[in-house]
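# Observations on the model geometry
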Amino acid sequence: MNQAILPTPSIITKQALDATQDNRFEFIYYGSQSVKNRAVIVNNNTSETVYDTAIETLKLVHPIPSGTLENGQQYTIQIQVFDSNNNSSDLSEPVLFYCYSSPAFALNDFENPYSSSSIRLGVTYAQDEGEKLKSYQYLVYDYNKIQLGKSDVYYTSSNSYLYYGLENNREYYVRCIGETVHGFLLDTGYKKVSVSYNTIPSNILFQLKNQKCSGYISIDTNMTVIGYDVENENYLFSDGSVTLWDNSITYNGGFRVDDDFVLFADAKKLPVKTFLTTNDAAFSLRIVNVCGVYYCELKAGNYVIYKPLPKAQITTLDGKLITDNNGNKIEIINTSYEDNDFVIFEVKRKQHFYSLNVYYKADGFQMQGGRL
């Protein structure tokens, strides 16, 4: 009686593994019940068959014992299946994979308990055979390991991630996952962060403590130092302000807004795009050009407010204001946005309602009827 040819299995790709550990290759097969499978592994550099073994199992998997292969080498593997009547399939298409020593992949050390509301995460990577790191990403979790934040996916080995908003007397977990060039999956595992930092009453500017046993006086101050992070080195401090080009600032610690607030943003020569946003996207500010008129747009969810930028008034040569037939002042509203004076962008939130006001810094605080 002629033997039937079974459907050819297909190996689930496994690009990299550590030969010093037990490994397994899974495969896909559609046909009569497989009771035995055979794996053939060939050294891709020498064309030598280094493994050819059949095992009896109903599972669509073939284990490779530790020590069978050698790290630093690349191989191809093929799988063949057999049923209870000893019918067999053809060998599957060869799949290339690499053997490497398990990389060293760990988060940088930090103090525990941690005494700040923000934490900068870094990671170290090393691999004996020179396998390169392809990508990685930082993750932050609460005590129940529910994800709170994540970094971008980084492709260079020197990127760190600054996470802010750690609450006092809380516990968190941090983690980094990644992948090497040839598909070795990396995971630092969860690392606990216990947060504990000192606070002083908000109505005390300075607090003196006599450390009599040590012979000195300590000073605590209630002045808040706002933490920040710049995207790159394209900035310049001058005359009490900072000039940025192709850059951004992230204020990442020292304050937290949960309720009603008033925000004053002091700037000039802003680009015609979004220039301020919050980390939780609660609201954003941007400059827009509508038919030659420049506006500041406040967007908070579905709530949008537009305010025209401060504008010059048209005057006659002797300095008198030009008025229309009704005596109303005529103002320029589509001037080129090259004003060299600082403008205040004032945002208020009260009971989830927002207001926006825009005025020159030189004009000082603006009070308008009907504003929050």
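Source: prediction; values computed, not measured. (Residues numbered from 1 in each chain as written. Predicted model: local features only at pLDDT ≥ 70, side-chain atom pairs only at ≥ 80, totals over all residues. Heavy atoms only, no water.)

### Overview of the overall build of the protein
What counts is decided by this rule: A run of DSSP states H or I qualifies as a helix once it reaches four residues; a run of E qualifies as a strand once it reaches two. Both are numbered from the N-terminal end. A simple rule labels every residue: compare its accessible area, found with a 1.4 Å probe on the protein chains alone, to the largest value its type can have, and call it buried under 20%, exposed over 50%, or partly exposed in between. Every residue pair with non-hydrogen atoms within 4.5 Å of one another is taken to be in contact. Methods summary: accessible areas were calculated by the Shrake-Rupley approach with a probe of 1.4 Å, and residue burial reflects only the protein chains presented.
A tally of regular secondary structure across the protein gives zero helices and 32 strands. Classification of the 372 residues of the protein by burial places 32% in the buried group. A fraction of 51% describes how many contacts in the protein between residues 6 or more apart in sequence connect residues 24 or more apart. Here the protein has roughly 23500 Å² of accessible surface; of this, 48% comes from carbon and sulfur atoms.

### Digging into the sheet that holds strand E31 (residues 343-350)
Condition: At least two DSSP bridges between two strands are needed for those strands to be called paired. Interaxial angle, 0 to 180 degrees, is taken between N-to-C directions of lines fitted to C-alpha atoms, where a helix line uses only the stretch in contact.
Strand order in the open sheet formed by three strands is E26-E31-E32, with antiparallel pairing between adjacent strands. Two strands in the sheet have a free side with no partner beyond their single neighbour: strand E26 (261-267) and strand E32 (353-360). Put simply, the sheet's adjacent strands are angled 15 degrees from each other on average, direction ignored. The sheet contact formed by E31 and E32 spans eight bridges and is antiparallel. Paired with Glu 346 across the strands is Asn 357, a residue of E32.

### Describing the side chain of Ser 34
To keep it simple, the criterion reads: Side-chain atoms alone can form a polar contact between residues adjacent in sequence; in general such a contact is a pair of N or O atoms within 3.5 Å, and within protein one must be able to donate a hydrogen while the other accepts it.
Within the secondary structure, Ser 34 sits in the loop between strand E4 (23-28) and strand E5 (36-43). Its relative accessible area of 2% is what places Ser 34 among the buried residues. At 3.3 Å, the side chain of Ser 34 forms a polar contact with the backbone oxygen of Lys 36. Among all residues touching Ser 34, those that are not within four sequence positions of it are Tyr 29, Thr 57, Leu 58, Leu 60, Val 81 and Phe 82.

### Overview of the sheet that holds E4
The antiparallel open sheet is built from three strands, whose spatial order is E2-E4-E7. Both outer strands of the open sheet, strand E2 (10-11) and strand E7 (61-64), are each paired with one neighbouring strand and no more. Relative to E7, E4 runs antiparallel, the two sharing four bridges. Residue Asn 23 lies in a different strand from E7, and its bridge partner there is Ile 64.

### As for the side chain of Gln 80
Looking at where Gln 80 falls in the secondary structure, it is placed in strand E8 (residues 74-82). At 2.8 Å, the side chain of Gln 80 and the backbone oxygen of Ser 89 are in polar contact. Leaving out residues up to four positions away in the same chain, Gln 80 has contacts with Pro 9, Lys 36, Asn 37, Arg 38, Ser 88, Ser 89, Asp 90 and Leu 91.

### Side note on unusual backbone geometry
Of all residues except glycine, most have a negative phi; of all peptide bonds, most are trans. The amide bond that connects Asn 112 to the next residue, Pro 113, takes the cis arrangement and shows omega of 10 degrees. Positive phi, close to 65 degrees, is recorded for Asn 86, a residue that is not glycine. Within the secondary structure, Asn 86 sits in the loop between E8 and strand E9 (88-89). The residue Asp 246 is not glycine, and still its phi comes out positive at about 50 degrees. Examined against the element boundaries, Asp 246 turns out to sit in the loop between strand E24 (241-244) and strand E25 (249-253). Looking at Asp 246, the relative accessible area reads 68%, which means it is exposed.

### Digging into the packing of aromatic side chains
Filter applied, for reference: Stacked, tilted and edge-to-face pairs are distinguished by plane angle, under 30 degrees for stacked and over 60 for edge-to-face with tilted covering the rest, among Phe, Tyr and Trp rings (Trp via its six-membered ring) whose centres lie within 6.5 Å. For a lysine, the NZ atom is tested; for an arginine, the CZ atom; a charge sits over a ring if that atom is within 6 Å of the ring centre and within 35 degrees of the ring normal.
The final tally for this structure, using the stated rule, is 18 aromatic pairs. Look at Tyr 295 and Tyr 306: their rings are 6.4 Å apart centre to centre, the planes differ by 85 degrees, and that puts the pair in the edge-to-face class. With Tyr 295 in strand E29 (residues 293-300) and Tyr 306 in strand E30 (residues 303-308), this residue pair connects regions lying 11 residues apart in the sequence. Judged by relative accessible area, Tyr 306 falls into the partly exposed class, the value being 43%. Over the ring of Phe 82 we find Lys 36; its NZ or CZ atom is 4.7 Å from the centre of that ring.

### Structural notes on the pairing of strand E15 (residues 147-150)
When strand E14 (residues 133-141) meets E15, the two strands line up antiparallel, connected through three bridges. By the bridge assignment for E15, Leu 139 is matched with Lys 150. Where E14 folds back on E15, the antiparallel hairpin that results is connected by five residues, among which Lys 145 adopts a positive phi of roughly 60 degrees.

### What to know about the environment of Leu 58
Positionally, Leu 58 belongs in the loop between strand E6 (49-56) and E7. Assessed through its relative accessible area of 57%, Leu 58 is described here as exposed. A sequence separation of 21 residues divides Leu 58 from Asn 37, and the C-alpha atoms of the two residues are 8.8 Å apart.

### Section: the pattern of salt bridges
Pairing is possible between side chains that carry opposite charge, provided their charged atoms lie close to one another. Selection rule: Salt bridges are defined as contacts in which a side-chain nitrogen from Lys or Arg sits within 4 Å of a carboxyl oxygen from Asp or Glu.
All told, the structure shown has seven salt bridges when counted by the stated rule. Here Lys 191 and Asp 109 are joined by a salt bridge, their closest N and O atoms 3.5 Å apart. Separated by 82 residues along the polypeptide, Lys 191 in strand E19 (residues 191-194) and Asp 109 in the loop between strand E11 (104-107) and strand E12 (118-121) bring together distant segments of the chain. With its nearest N and O atoms 3.4 Å apart, the salt bridge here joins Glu 167 to Arg 170. Residue classification places Glu 167 among the partly exposed residues on the basis of a relative accessible area of 31%.

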